[in-house]
Amino acid sequence: MSGAFLARRGAVIFDDLRAIQLRYGFLPKAELEGLSQRTQTPLYQIHSVASFYPHFHLVPPAKAEIRVCADMSCHLNGACELRADLERRFATSRPDDVQIRDVSCLGRCDHAPAVSINDQIFTGVAAEHAEQLACRAIRGEDFHEPHPKQARIECKADPYGNGATLDERYGVVRKLVQSRAFDDVLSQLKAAELRGMGGAGFPTSLKWDLVRKESDPVKYVVCNADESEPGTIKDRFIMTHLPHLLVEGMIIAGVVTGARRGILYIRHEYHLQEEVLGEEIRRCYRAGLLGKSILGTPLGFDLEVFVSPGGYICGEETALIEAIEGHRAEPRNKPPFPVQAGLWQKPTVLNNVETFINVPQILARGVDWFAAQGAGGSRGLKFVGVSGHVARPGIFEVPMGTSMREVILSRAGGIRGGRQLKAFAPSGPSSGYLPASMIDVCLDFKALAEAGSMLGSGAIVVCDDTTCMLDMALNAVRFYRNESCGKCVPCRVGSQKMTDMLVRWTQGGVPEPQYRADLALLEELSQAMSLTSICGLGQIVPAPIQSVLKHFRAEIDAHVLKGQCTSGICFTPASRAGEAQRVGIRP
């Protein structure tokens, strides 16, 4: 269980890089040269990888690194004002003492705004509290993000019930290693119509069957727990409260497909969940549920947690695989697909957290039970994260097929402060924005696709009637620009061009002929990026602005042609100064 089974094959060892950074606070050149000699890895390769991931520092960082989340939910909850306040408080500080920057989504959307100070995450913070923490960092004092005791939560998704012991859990695995009814497992998953719950919606039974039929004796199971899309927080909840279902789902995938090794890839901001899963895995090893011989049978499955070195692009399945192998997380060209040539070029099952926990539910309770949990013809239960301008942001377990009206107005308590709903993103920036008039659309693959959006990962971000939708489109497109790995030209250049265009629109004063030319260029850019980008990131960059143009065109016209922002967000000195900081120019 030391993780030694991951053949390094000369790749950069992330654990070694983390150890060096923990010791020195950054990665000194001499230490990287020593690592190169010890591992027989070219120095340029180590440097290439270390410089790619935001988690690593090649030069000494400031004593207090303050990172204010700038994306969607935090943006809607005062992140810009928080950053501006902090900059005023530390205006006279030395650069080697304090550095303040934006950071991409920290996965705490239900407690926005979120701030990272020296990689410790704090939520719902006021500037005064953040200032106190930063001053402690400057003085060299130790501090840690709070990990409150987790209450036991009853979830309908858990077939073993709240409070079940280890002996009472893993019932599906216990039966399966004895019966070896692997065909039956695939048949039940097919009958249940289980699809990938991370966004793509690919049939789970088909993916597993393709890997099972591969002749290569070495296969892998990988869980993508790198939910980095703004607004996406459901997997964090699942890993905290239902870790046993995730581990069981991965074991089942292993024994059914013939894979004997599994990697649970988790984002590095999920410190608590890493601990929870690590303890669950250790318990399973002690109980004989993991290892070379599961419960004394010839079937074996080893499982370890791999902590992401950081970056939204790691959520793309082939980029994630590249990261595990010790490379830059740059997506691969497809085909071949991971089911044929995945981790270490071996057949690989790669699903997300929610997909894996559905498997033991279906096998323990039956297809009929699973089908009955949905509403309006949909199947199963769905975990959704709701954030933004709602009274009760959080994670909710609802029947698949539940209306957005029920989720937003009932489960999440409606729009806070008595405001009116203006728009909502069904699944973070990649789903675009829908207007309030479409609130009766259901959480369902087909229904949301017909509405011009998608179910995605179930990250519902809510905007009230004070929101500027052009500002939100810019916020989303800028996120993708920042997170592009830069491997392919359409994404690297297109995302920057689109960001520049939207910045210009938020500043107004664009002549009508130029506006028409911009719209034509935007259409051309969108088509080129959708057709030629290597991975889904580049393909989805246009979605936020396309949806706002479709549903809120008058609002954009007012900005561009009349210099008017009905929400009072754009055209202010604060907004101009903030944009200048982001692009590195003097306001």
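Residues numbered from 1 in each chain as written. Predicted model: local features only at pLDDT ≥ 70, side-chain atom pairs only at ≥ 80, totals over all residues. Heavy atoms only, no water.

Now for the domain arrangement of the protein. Accessible area lost when the parts come together is the quantity often used to give the size of an interface. Split into domains, the protein comes out as domain 1 (4-50), domain 2 (64-138), domain 3 (171-365), domain 4 (374-464) and domain 5 (472-583). Taking only C-alpha atoms into account, the centre of domain 3 sits 36 Å from that of domain 5. With twelve residues of domain 3 in contact, the opposing surface of domain 5 contributes eight residues. With both chains or domains summed, domain 3 and domain 5 bury close to 880 Å², and 67% of this area falls on carbon and sulfur atoms. Broken down residue by residue, the surface that domain 3 buries against domain 5 is led by Y312, I313 and P331, which jointly contribute 52%. Linking domain 3 with domain 5 are zero salt bridges. Class assignment of the residues belonging to the side of domain 3 that touches domain 5 gives a composition of five nonpolar, three polar and four charged. (Domains from an automatic or database assignment. Contact = heavy atoms within 4.5 Å. Buried area = accessible area lost by both parts, 1.4 Å probe. Salt bridge = Lys/Arg side-chain N within 4 Å of Asp/Glu carboxyl O. Nonpolar A, V, L, I, M, F, W, Y, C, P; charged D, E, K, R; others polar.)

In an α-helix, one turn spans 3.6 residues; hence positions three or four apart end up facing the same way. Look at helix α11 (residues 243-257): 21 Å from first C-alpha to last across 15 residues, which is about the 21 Å you get at 1.5 Å a residue. With 15 of 15 residues buried, α11 lies mostly within the body of the structure. Remark: G258 follows α11 within two positions and exhibits a positive phi of approximately 90°. (Helix = DSSP H or I, 4+ residues; strand = E, 2+ residues; numbered from the N terminus. Expected span 1.5 Å × (residues − 1). Buried < 20%, exposed > 50% of the residue type's maximum accessible area, 1.4 Å probe, protein only.)

Our focus in this paragraph is a nonpolar patch on the surface. A cluster of nonpolar side chains, F202, L206 and L210, forms an exposed patch at the surface whose accessible area comes to about 240 Å². Among the structural elements, F202 can be located in the loop between α8 (182-192) and α9 (204-213). (Patch = residues over 30% accessible without salt bridge, like charges linked within 9 Å, V, L, I, M, F, W, Y side chains within 5 Å. Areas by Shrake-Rupley, 256 points an atom, 1.4 Å probe, with all protein chains shown as cover.)

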